[in-house]
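Take a look at the letters that make up each chain.
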Amino acid sequence: MSALPQSAPPAAPPELHIASMVVHAAPPRINEVRAAILGIASAEIHAASDTGKLVVTLEAPSTDDMMARISEIQRLDGVLASALVYQHSDTLDAMNEEIDDGNGS
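Residues numbered from 1 in each chain as written. Predicted model: local features only at pLDDT ≥ 70, side-chain atom pairs only at ≥ 80, totals over all residues. Heavy atoms only, no water.

S.K.: Is there a simple way to think about the overall build of the chain in this case?
M.R.: A count of helices and strands for the chain gives three helices and four strands. Walking the chain from its N terminus toward its C terminus, one meets helices and strands in the order β-α-β-β-α-β-α. In terms of overall dimensions, the chain is more spread out than a globule: its C-alpha atoms have a radius of gyration of 19 Å, far above the 13 Å expected for 105 residues. Here the C-alpha coordinates of the chain stretch approximately 70 × 50 × 20 Å along the principal axes. Per-residue burial over the chain gives 25% buried out of 105 residues. By element, 53% of the accessible surface of the chain is carried by carbon and sulfur atoms, the whole surface being about 7,400 Å². In the chain, 5 side chains carry a positive charge and 15 a negative one; their mean positions are 17 Å apart. (Helix = DSSP H or I, 4+ residues; strand = E, 2+ residues; numbered from the N terminus. Rg over C-alpha atoms; globule rule 2.2 N^0.38 Å. Buried < 20%, exposed > 50% of the residue type's maximum accessible area, 1.4 Å probe, protein only. Areas by Shrake-Rupley, 256 points an atom, 1.4 Å probe, with all protein chains shown as cover. Lys, Arg positive; Asp, Glu negative; His and termini not counted. Charge placed at Lys NZ, Arg CZ, Asp CG, Glu CD.)

This is how it looks when you write it as structure tokens:
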């Protein structure tokens, strides 16, 4: 008696993970930290203060990739602390779905 061939489980739909965080860098190292963050795939800096605080957003295709990017930032020389402010993930199809704004447009 032979076993039926097993089919591979269906592939999960592509995802998009988005996160924002506040990164506090030592003020004398802010330029180095800024350059290192901008070298990370899909990282953007939206604001910076003279006291060393940076508002950063990240995008990644998976939870593992997002966690790796967050960890990379946390381990940068000159980073004193970081705080995750927002995180969202969904399928690419759902992220690209148009939402009615209630005004019929």
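S.K.: Explain the sheet that holds strand β1 (residues 15-25) to me, please; I cannot follow it from the model alone.
M.R.: In sheet architecture, strand pairing relies on hydrogen bonds along the backbone and comes in two forms, parallel and antiparallel. Read across the sheet, four strands follow the order β2-β3-β1-β4 without closing on themselves; strand pairing throughout is antiparallel. Every other strand in the sheet has two partners, leaving β2 (43-48) and β4 (79-91) as the edge strands with one partner each. Neighbour to neighbour, the strand axes of the sheet diverge by 20 degrees on average, direction disregarded. Note: β1 against β4, eleven bridges, orientation antiparallel. What sits directly across from Ala25, in β4, is Val79. With respect to the sheet, helix α2 (residues 63-74) is in contact with β1, β3 (53-60) and β4, its orientation differing from that of β3 by roughly 155 degrees. (Pairing = 2+ DSSP bridges. Axes fitted to C-alpha atoms, helices over the stretch in contact; angles between N-to-C directions. Contact = heavy atoms within 4.5 Å.)

S.K.: Sorry, what's going on with the pairing of β1 here?
M.R.: Successive side chains on a regular strand alternate, one facing one side of the sheet and the next facing the other. When β1 meets β3, the two strands line up antiparallel, connected through eight bridges. Within β3, the residue paired with Val23 across the bridge is Leu54.

S.K.: Please explain a negative patch on the surface as it appears in this structure.
M.R.: Taken together, the side chains of Glu15, Asp90, Asp93 and Glu97 present a region of like negative charge at the surface. Inspection of the secondary structure assignment puts Asp93 in helix α3 (residues 92-95). (Patch = residues over 30% accessible without salt bridge, like charges linked within 9 Å, V, L, I, M, F, W, Y side chains within 5 Å. Salt bridge = Lys/Arg side-chain N within 4 Å of Asp/Glu carboxyl O.)

S.K.: Is there a simple way to explain helix α1 (residues 30-38) in this structure?
M.R.: What sets the pattern is the α-helix's 3.6 residues per turn: residues three or four places apart point alike. Taken as a whole, α1 has its buried residues at Ile30, Val33 and Ile37. The arc that holds every buried residue of α1, seen down its axis, measures 65 degrees, which confines them to one face. α1 presents Asn31 and Ala35 as exposed residues on the side facing more than 90 degrees away from its buried surface. (Arc of directions from axis to C-beta.)

S.K.: Which parts of the structure should I look at to understand the environment of Thr91?
M.R.: Structurally, Thr91 is set in strand β4. In this structure Thr91 comes out as partly exposed when scored by relative accessible area, which is 23%. When the C-alpha atoms of Thr91 and His17 are compared, they prove to be 8.7 Å apart, with 74 residues separating the residues in sequence. The residues touching Thr91, leaving out its near neighbours within four places in the chain, are Pro13, Pro14 and Glu15.

S.K.: Sorry, what's going on with the nonpolar core here?
M.R.: Across soluble globular proteins, nonpolar side chains show a tendency to be buried alongside one another. Formed by 19 residues in total, the largest nonpolar core has its most connected members in Val23, Ile37, Leu54, Val56, Leu58 and Ile73. Looking at this core, the elements that each hand over two or more residues are β1, α1, β2, β3 and α2. When residues no more than four places from it in sequence are discounted, the contact partners of Leu54 are Met21, Val22, Val23, Ile30, Val33, Arg34, Ile37, Ile45, Ala47 and Ala48. (Core = buried A, V, L, I, M, F, W, Y, C linked by side-chain atoms within 4.5 Å.)

S.K.: Got a minute to help me understand unusual backbone geometry in this structure?
M.R.: Phi is mostly negative for residues that are not glycine, and the peptide bonds are mostly trans. Phi angles above zero are rare outside glycine, and Ser42 is one such case at about 60 degrees. Judged by its relative accessible area of 44%, Ser42 is partly exposed.

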